[in-house]
Amino acid sequence: LYSGTRSHDNAILYYKRSINILREDTDSVSLGSVLFNLGDEYLKIERHDTALQYLEESGGIFQRIDYPLGVAYNQGNMGVAYLGLKRYEAAEQNLVEAIDQLEAFEDYYAISAYLISLAKVYRARGQINNAIFTAERSLGLAREYGLKQEISDASRLLADLYEQRGDTDRALGHYKEYI
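Bear in mind the structure is a predicted one, so any value in this text is a computation, not a measurement.

Another point: the overall build of the protein chain. A tally of helices and strands in the protein chain yields nine helices and zero strands. Each helix (α) and strand (β) of the protein chain, taken in turn from the N terminus, gives the series α-α-α-α-α-α-α-α-α. For the protein chain, the C-alpha radius of gyration of 17 Å lies close to 16 Å, the compact-globule estimate for 179 residues. Dimensions of the protein chain, computed from the C-alpha atoms along their principal axes, are close to 60 × 30 × 30 Å. Here the protein chain holds 179 residues, and 44% of them are scored as buried. A fraction of 51% describes how many contacts in the protein chain between residues 6 or more apart in sequence connect residues 24 or more apart. Total accessible area computed for the protein chain in this model is approximately 9700 Å², and 45% of it derives from carbon and sulfur atoms. Taken together, the 19 basic and 27 acidic charged side chains of the protein chain have centroids lying 6 Å from each other.

Bringing the nonpolar core into the picture now. Counting residues in hydrophobic clusters, the biggest one holds 52 residues, and the most contacted among them are Ile-19, Tyr-114 and Leu-161. With nine residues, the single largest contributor to this core is helix 6 (residues 108-124). Residue contacts for Ile-19: discarding those within four places in its chain leaves Leu-31, Val-34, Leu-35, Leu-38 and Tyr-54.

Its 17 residues give helix 7 (residues 128-144) an end-to-end C-alpha distance of 24 Å, which sits within 8% of 24 Å, the value for a rise of 1.5 Å per residue. Listing the buried residues of helix 7 in full gives Ile-128, Ala-131, Ile-132, Thr-134, Ala-135, Ser-138, Leu-139, Leu-141 and Ala-142. Looking one or two residues past helix 7, Gly-146 carries a phi angle of roughly 65°, positive in sign.

With that settled, consider the packing of aromatic side chains. Per the counting criterion, the structure on display carries four aromatic pairs. Taking 6.4 Å as the distance between ring centres and 50° as the angle between the ring planes, the aromatic pair formed by Phe-36 and Phe-62 counts as tilted. Here Phe-36, found in helix 2 (residues 28-44), pairs with Phe-62, found in helix 3 (residues 48-64); they are 26 residues apart in sequence, far enough to count as distant. For the ring pair Phe-62 and Tyr-67, a centre distance of 5.3 Å and an interplane angle of 80° mean the geometry is edge-to-face. Overall, Tyr-67 belongs to the partly exposed group, its relative accessible area being 36%. An aromatic cluster is defined as three or more aromatic residues linked by ring pairs; in this entry it consists of Phe-36, Phe-62 and Tyr-67.

Quick look at the packing of helix 6 against helix 8 (residues 148-165) now. For the pair helix 6 and helix 8, interaxial distance at closest approach is 10 Å and the crossing angle is 20°. By the angle between their directions, the pair helix 6 and helix 8 is classed as roughly parallel. For the pair helix 6 and helix 8, the sense of crossing is left-handed. Along the contact surface, helix 6 presents Tyr-109, Ser-112, Ala-113, Ile-116, Ala-119, Lys-120 and Arg-123, while helix 8 presents Glu-150, Asp-153, Ala-154, Leu-157, Asp-160, Leu-161 and Gln-164. Looking at the contact of helix 6 with helix 8, its residues break down into seven nonpolar, two polar and five charged.

With 16 residues, helix 1 (residues 8-23) extends 22 Å from end C-alpha to end C-alpha; this agrees with the ideal 22 Å at 1.5 Å per step. Packed against the buried residues of helix 1 are helix 2 and helix 3.

The rules behind the values
Residues numbered from 1 in each chain as written. Predicted model: local features only at pLDDT ≥ 70, side-chain atom pairs only at ≥ 80, totals over all residues. Heavy atoms only, no water. Helix = DSSP H or I, 4+ residues; strand = E, 2+ residues; numbered from the N terminus. Rg over C-alpha atoms; globule rule 2.2 N^0.38 Å. Buried < 20%, exposed > 50% of the residue type's maximum accessible area, 1.4 Å probe, protein only. Contact = heavy atoms within 4.5 Å. Areas by Shrake-Rupley, 256 points an atom, 1.4 Å probe, with all protein chains shown as cover. Lys, Arg positive; Asp, Glu negative; His and termini not counted. Charge placed at Lys NZ, Arg CZ, Asp CG, Glu CD. Core = buried A, V, L, I, M, F, W, Y, C linked by side-chain atoms within 4.5 Å. Expected span 1.5 Å × (residues − 1). Phe/Tyr/Trp six-rings, centres within 6.5 Å; stacked < 30°, edge-to-face > 60°. Axes fitted to C-alpha atoms, helices over the stretch in contact; angles between N-to-C directions. Parallel < 35°, antiparallel > 145°, perpendicular 65-115°, else oblique. Left-handed = near helix turned anticlockwise from the far one by under 90°. Nonpolar A, V, L, I, M, F, W, Y, C, P; charged D, E, K, R; others polar.

Here you go:
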């Protein structure tokens, strides 16, 4: 509730309270989920180091209880956190593994979102062609499955990438799709 309304401080407070209660219980699924959600909340406010702490713990729980979808989301979010910390090798590794795992679940929303992050990794490394290819892949999935936010995000990134490459016509086309 609080996360959806961007009341991050309240969301963090209640996630932490829940964790304290769940640590006394034997419900690993709930504890892992709340730890993951708290890590995600810290990603939203760009506290990547703190996000990683919670994601590492939730990832361990998801592995122990054999919850592969949780492991995949966890790896993807860890990749996003590493991207924010400019640890590009770790970001790429986690994002690629997450995308590979999510393909088995046909989770195109998450795949599209993580592809955008992966494209940002390539851009940061100066691999503009890889970044464009990856962002185009994200945009294709987003269009196919009607993922409006990912269409917008991928279009904005592609506009920036094509502008960086000097292709202003393509940059303008993607910018128009972004807005």
